[in-house]
Amino acid sequence: LQAVIVNKALSLLVVATAIPARLVAVPLSDLTPYWSIVVNLLVGSLIGAWLGAAWATRMRSATLYRVLAALLVVIAVLLMATHLGTVGTVSLPPAGQVIAGVVVGVVIGVVASLMGVAGGELLIPTIVLLYGVDIKIAGSLSLAVSLPTMLVAFARYSRDQSFQVLRANTTFVLAMSAGSIAGTLLGGLLLGVVPSGVLIPLL
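What counts, and at which threshold
Residues numbered from 1 in each chain as written. Predicted model: local features only at pLDDT ≥ 70, side-chain atom pairs only at ≥ 80, totals over all residues. Heavy atoms only, no water. Helix = DSSP H or I, 4+ residues; strand = E, 2+ residues; numbered from the N terminus. Rg over C-alpha atoms; globule rule 2.2 N^0.38 Å. Buried < 20%, exposed > 50% of the residue type's maximum accessible area, 1.4 Å probe, protein only. Phe/Tyr/Trp six-rings, centres within 6.5 Å; stacked < 30°, edge-to-face > 60°. Lys NZ or Arg CZ within 6 Å of the ring centre and 35° of its normal. Expected span 1.5 Å × (residues − 1). Arc of directions from axis to C-beta. Axes fitted to C-alpha atoms, helices over the stretch in contact; angles between N-to-C directions. Parallel < 35°, antiparallel > 145°, perpendicular 65-115°, else oblique. Contact = heavy atoms within 4.5 Å. Nonpolar A, V, L, I, M, F, W, Y, C, P; charged D, E, K, R; others polar. Core = buried A, V, L, I, M, F, W, Y, C linked by side-chain atoms within 4.5 Å. Left-handed = near helix turned anticlockwise from the far one by under 90°. Polar contact = N/O pair within 3.5 Å; in protein donor to acceptor, adjacent residues only side chain to side chain.

**Some words on the overall build of the protein chain**
Then step 1. A count of helices and strands for the protein chain gives ten helices and zero strands.
Then step 2. When the helices and strands of the protein chain are read in sequence order from the N terminus, they spell out α-α-α-α-α-α-α-α-α-α.
Then step 3. For 203 residues, the compact-globule formula gives about 17 Å, and the C-alpha radius of gyration of the protein chain, at 17 Å, lands near that figure.
Then step 4. Looking at the protein chain residue by residue over its 203 residues, the buried ones come to 43%.

**Focus: the packing of aromatic side chains**
Then step 1. A complete count under the given rule lists one aromatic pair for this structure.
Then step 2. Judged by centre distance (5.2 Å) and plane angle (70 degrees), the ring pair of Phe 154 and Phe 163 falls under edge-to-face.
Then step 3. Its end group placed over the ring of Trp 50, Arg 156 keeps NZ or CZ at 5.9 Å from the ring centre.

**A short note on helix α9 (residues 170-191)**
Then step 1. Counted at 1.5 Å a residue, the expected span for α9 with its 22 residues is 32 Å, and the 31 Å between its end C-alpha atoms agrees.
Then step 2. For α9, the complete set of buried residues consists of Val 173, Ser 177, Ser 180, Thr 184, Gly 188 and Leu 191. Buried residues of α9 fall within an arc of 70 degrees about the axis and therefore sit on the same side. Away from the buried face of α9 by more than 90 degrees, exposed residues Thr 171, Ala 175 and Leu 189 are located.

**Quick look at the packing of helix α5 (residues 94-115) against helix α6 (residues 120-131)**
Then step 1. Packing of α5 against α6 brings their axes to within 11 Å, and their N-to-C directions diverge by 170 degrees. Here α5 lies roughly antiparallel to α6, going by the angle between them. Contact residues: α5 offers Gln 97, Ala 100, Gly 101, Val 104, Ile 108 and Val 111, while α6 offers Leu 122, Leu 123, Thr 126, Leu 130 and Tyr 131.
Then step 2. In terms of residue class, the contact of α5 with α6 is built from eight nonpolar, three polar and no charged.

**With respect to the environment of Arg 66**
Then step 1. Examined against the element boundaries, Arg 66 turns out to sit in helix α4 (residues 61-83).
Then step 2. The exposure class assigned to Arg 66 is exposed, which follows from its relative accessible area of 56%.
Then step 3. Taking the C-alpha atoms as reference points, Arg 66 and Asn 7, 59 residues apart in sequence, are found 18 Å from one another.

**Focus: the nonpolar core**
Then step 1. Counting 53 residues, the largest nonpolar core has Ile 127, Leu 141 and Leu 166 as its most contacted members.
Then step 2. Sorting the residues of this core by element identifies α1 (2-22), α3 (35-58), α4, α5, α6, α7 (135-157), α8 (165-168) and α9 as the ones contributing at least two each.
Then step 3. The contacts of Leu 141, once residues within four sequence positions are left out, are Leu 31, Tyr 34, Ile 37, Val 38, Ile 127 and Val 133.

**Let's talk about the packing of α1 against α7**
Then step 1. Where α1 meets α7, the axes come as close as 9 Å, and the angle between the chain directions of the two elements is 145 degrees. Between α1 and α7 lies a crossing of left-handed hand. Touching Val 4, Ile 5, Lys 8, Ala 9, Ser 11, Leu 12, Val 15, Ala 18, Ile 19 and Arg 22 of α1 are Lys 136, Gly 139, Ser 140, Leu 143, Ser 146, Leu 147, Met 150, Leu 151, Ala 153, Phe 154 and Tyr 157, all from α7.
Then step 2. The class makeup of the residues in the contact of α1 with α7 is 14 nonpolar, four polar and three charged.

**Considering the side chain of Ser 142**
Then step 1. Within the secondary structure, Ser 142 sits in helix α7.
Then step 2. Overall, the relative accessible area of 3% leaves Ser 142 in the buried class.
Then step 3. One polar contact links the side chain of Ser 142 to the main-chain carbonyl oxygen of Gly 139, over a distance of 2.6 Å.
Then step 4. Excluding residues that lie within four positions of it along the chain, Ser 142 makes contacts with Gly 120, Leu 123, Ile 124 and Ile 127.

Written as structure tokens, this is what we have:
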């Protein structure tokens, strides 16, 4: 649980710095037409984030280990399935798309909270498959969903005694933060260079 909380803190920092870094390659004007997607997913992900963090603080360590292991395997399979071929779009009526967005948002919020991650590994394929958005746009939209979702999970984790791990490991957290910021800025610069055809299999 302490590792999950540290990872959540670092992930929050990465998302916060990635947003302005990505705006260089994907300007805000390209994202505003898709604000409804962000709202749709947030309705579910905020609920899921609180629930996931609450469950994580109540689980025994052995159970949390098993849950994390299972989630990692499932995510790996999903990424391979969605990115080893042509990524299509799920055809749903508008109402069905909204409902699916909320349901998937809850699942992603729970998973992101349990694992202490931003959730981009699930948000990006979801946005591409469910809404038919280009992967670079989807990457930026996922950050807009991740930031408030992570803040909710972080607020829930802060109520647990394990949250003190951040203070107890300040040097490690600061070192990882510096490296994370450097990596985020580098990734933002490379975004305008690396084509979508390369990004999909790399993800």
